[in-house]
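For reference, the chains in residue letters:
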Amino acid sequence: MGDLAFAAAMSHAPGIAAFTDKAPEQQRRGFLDAAAAVGALLDASKPDAIVFVAPDHFTNFFVDRMPAFCVGINDDYEGPVEKWLGMPKGRVPGAPDLAAHLLEAAMDSGFDPAFSRGLKLEHSVMVPMSLIRPQRDIPIVWIMVNCQVAPMPSLRRCYEFGRVLRKTIGLRPERVAVIATGGLSHAPGAAEANRLDPEFDREFLAMLASETPTSMLDIPLSRLDQAGFGSWEIRPWAVVLGATEGRPAQTLSYAPIEAWQTGCAVSVFS
Ligand SMILES: [Fe+2]
């Protein structure tokens, strides 16, 4: 039987990599040290595969075809596509057997996710990976969750998808780690891009750390809109919460980092 080796969630703002030094020292160190701690915990958990649950920012999908969920069945992935991130482009091994098993389990559980053998990686996966596993040597599956264009899957639907993921992991021979990426409050490219919502971010993280982390599934979508459209990216966090069967998550680091235009958090699930 496989096991859920490790579960964590973190922000993936491109500024973390593209303009790292613009953030004040204390904020920068807080985030990067927490990400390094996640990398150490990930390493110690000895995963055979990592499932990244993350949105796509119109790299692979646009409004002409936008699935709620897409499971990457790539043999390997190329990326990042964004040269301006300042990180080397390369290949990351895929885990197509694990991905195919997840697809079958999803279909058997009332989900109909899209799948793709040709996903290209972008900052949503590559920025976190550059911090927690820069060697890029552990096979990955990218589960893309639509966090960009309405209608998007509900938080509860994301949670239930995560439970299917957990069930699948339990049937696998590998040890699998899951990493959610996205959020928290931000609105990149918008007029209000420099106006973050630390109140929302802290409330969200407090819910996750509480005895009832699934209370985050009841956050009204209107509240997400207030926190900026980047907060729609808490959906991957809901998927990973489902994969842990609703375990609390400890916040290792949080700061509203205006220089990176994002409320930046790093959390580890118990
Ligand atoms: Fe994003």
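One structure accompanies this document, and this report is about it. (Residues numbered from 1 in each chain as written. Predicted model: local features only at pLDDT ≥ 70, side-chain atom pairs only at ≥ 80, totals over all residues. Heavy atoms only, no water.)

The strand order β6-β3-β7-β2-β8-β1-β10-β9 describes an open sheet built from 8 strands, whose pairing is mixed. Edge strands, defined here as strands with exactly one partner in the open sheet, are β6 (114-116) and β9 (249-257). Strand-to-strand twist across the sheet, computed as the mean angle between neighbouring axes with direction ignored, equals 20 degrees. Both strand β3 (residues 69-72) and β6 contribute to a ladder of 3 bridges, which runs parallel. Bridge pairing links G72 to S116 in β6. Packed onto the sheet, helix α2 (residues 25-44) meets β1 (3-10), β2 (49-54), β8 (175-181), β9 and β10 (262-269) and runs at close to 150 degrees relative to β9. Packing against the sheet, helix α4 (residues 123-132) makes contact with β1, β2, β7 (140-145) and β8, and its axis sits at approximately 135 degrees to β2. (Pairing = 2+ DSSP bridges. Helix = DSSP H or I, 4+ residues; strand = E, 2+ residues; numbered from the N terminus. Axes fitted to C-alpha atoms, helices over the stretch in contact; angles between N-to-C directions. Contact = heavy atoms within 4.5 Å.)

Another point: the state of the cysteines. Two cysteines whose sulfur atoms are joined by a covalent bond form what is called a disulfide. For the coordinates displayed, the defined rule picks out 0 disulfides. The thiol sulfur of C70 is not disulfide-bonded, and the nearest other cysteine sulfur, from C147, lies at 13 Å. Here C158 stays free of any disulfide, with the sulfur of C147 as its closest cysteine sulfur at 6.8 Å. According to the relative accessible area criterion, C158 is buried, its value standing at 0%. (Disulfide = S-S within 2.5 Å. Buried < 20%, exposed > 50% of the residue type's maximum accessible area, 1.4 Å probe, protein only.)

What follows is about unusual backbone geometry. With an omega of 0 degrees, the peptide bond running from A150 to P151 counts as cis. Summarising the element assignment, P151 is placed in the loop between β7 and α5 (155-171). Along the chain, G183 connects to L184 via a cis peptide bond; the corresponding omega equals -5 degrees. Relative to the helices and strands, L184 resides in the loop between β8 and α6 (198-209).

By themselves, these observations are geometric and do not establish any function.
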